[in-house]
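Spelled out, the chains give:
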Amino acid sequence: MNYWLIKSEPDAFSIDDMEKAGTEPWDGIRNYQARNFMRDGMEVGDLALFYHSNCKPPGVVGVVKVASRPYPDHTAWDASAKYYDPKSSEENPRWIMVDFEFVEKFSEIVPLDQLKVTPELEGMLTLRKGNRLSITPVEEAHFKQILDLTK
DNA sequence: GCCAACGTTGGC
DNA sequence: GCCAACGTTGGC
């Protein structure tokens, strides 16, 4: 069992969209580190914090669950798609994705400001200055600490 | 809108 | 393999 944090811009896809969708293919990941986390680390049933980025305020707004094994991201093959990558092919897919399933929406956001001042979360990858990864692993203790902050 | 941080690209 | 130029992310 591993824990993760995934970022999404609420203007593009929010926790409410996630709740409506129920299950959502997480396509469009075009970063090797994030891809490798999905490929090498994610297991069906893993839990992930759902984080709203690029908004006011940014922060953790809920929990989702890994609902599939990694599989090729076909949007990379579609020349008209936003995340088209000519270097990826059906024979040799460069990018992958997983499905996420809605688990929970917090009654209130846990804002980034609060994460930053919580001593137990010191060292969390997402809090590191300049971190732009859209998928990061989260330590179990940190994951549980953030759930505690919602109570 | 600004800009720091970081990843990617491509010339050499 | 180096590194400058460029693009993107995301907090502020």
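No experiment lies behind these values; they were computed from the predicted model shown.

1. Focus on the protein's contact with DNA strand C
1) Next: Near DNA strand C, the surroundings consist of Lys7, Tyr51, Ser53, Asn54, Pro58, Leu112, Lys116 and Arg132.
2) Next: Each atom of DNA strand C within 4 Å of the protein belongs either to a base or to sugar and phosphate, the latter forming 74%.
3) Next: At 2.9 Å from a phosphate oxygen of DNA strand C is found a side-chain nitrogen or oxygen belonging to Lys7.
4) Next: Between DNA strand C and the protein, one listed contact pairs a phosphate oxygen with a side-chain N or O atom of Tyr51 at 2.7 Å.
5) Next: For the surface near DNA strand C, the class distribution of residues is three nonpolar, two polar and three charged.

2. Examining the pattern of salt bridges
1) Next: One pass over the full model with this rule turns up six salt bridges.
2) Next: The salt bridge involving Lys65 is made with Glu101; its shortest N-O contact spans 4.0 Å. Taken together, the residues span a long stretch of sequence, with Lys65 in strand 4 (residues 59-66) and Glu101 in strand 7 (residues 99-111) at a distance of 36 residues.
3) Next: The class for Glu101 is partly exposed, based on a relative accessible area of 29%.
4) Next: We note a salt bridge from Asp148 to Lys151, for which the minimum N-O separation is 3.3 Å.

3. What about the nonpolar core?
1) Next: Within the largest apolar cluster, 21 residues are counted, with the highest numbers of intra-cluster contacts made by Ile6, Met18, Trp26, Met42, Phe50, Phe100 and Ile135.
2) Next: If we ignore the near neighbours within four places in the chain, the residues touching Phe100 are Ile6, Met18, Gly22, Thr23, Glu24, Trp26, Met42, Ala48, Val64, Lys65, Val66 and Ala67.
3) Next: Counting 16 residues, the second-largest nonpolar core is a separate cluster that includes Tyr3, Tyr51, Met124 and Ile146.

4. A word on the environment of Ile146
1) Next: Relative to the helices and strands, Ile146 resides in helix 4 (residues 140-149).
2) Next: Linking Ile146 and Met18, residues 128 residues apart in sequence, is a C-alpha distance of 20 Å.
3) Next: Apart from the residues within four sequence positions on either side, Ile146 is in contact with Leu49, Val60, Val110, Leu115, Leu121 and Met124.

5. Side note on the packing of aromatic side chains
1) Next: Following the criterion strictly, the structure yields six aromatic pairs and no others.
2) Next: Ring centres of Trp4 and Phe37 lie 6.0 Å apart, and the angle between their planes is 55°; this geometry places the pair in the tilted category. Of this pair, Trp4 sits in strand 1 (residues 3-8) while Phe37 sits in helix 2 (residues 32-41); the two residues are 33 residues apart in sequence, bridging distant segments of the chain.
3) Next: For Trp4, a relative accessible area of 3% gives the class buried.
4) Next: Each ring, one from Trp26 and one from Phe50, has its centre 5.9 Å from the other, and the planes form 75°; the classification is edge-to-face. Note that Trp26 is positioned in the loop between strand 2 (23-25) and helix 2 and Phe50 in strand 3 (residues 47-52), a separation of 24 residues in sequence. Neither Trp26 nor Phe50 differs from the other in exposure class; each is buried.
5) Next: Of the aromatic side chains, those joined through ring pairs into one cluster are Phe13, Trp26, Phe50 and Phe100.

Scoring rules and cut-offs
Residues numbered from 1 in each chain as written. Chains lettered and ligands numbered in written order. Predicted model: local features only at pLDDT ≥ 70, side-chain atom pairs only at ≥ 80, totals over all residues. Heavy atoms only, no water. Near = heavy atom within 4 Å. Polar contact = N/O pair within 3.5 Å; in protein donor to acceptor, adjacent residues only side chain to side chain. Nonpolar A, V, L, I, M, F, W, Y, C, P; charged D, E, K, R; others polar. Salt bridge = Lys/Arg side-chain N within 4 Å of Asp/Glu carboxyl O. Helix = DSSP H or I, 4+ residues; strand = E, 2+ residues; numbered from the N terminus. Buried < 20%, exposed > 50% of the residue type's maximum accessible area, 1.4 Å probe, protein only. Core = buried A, V, L, I, M, F, W, Y, C linked by side-chain atoms within 4.5 Å. Contact = heavy atoms within 4.5 Å. Phe/Tyr/Trp six-rings, centres within 6.5 Å; stacked < 30°, edge-to-face > 60°.

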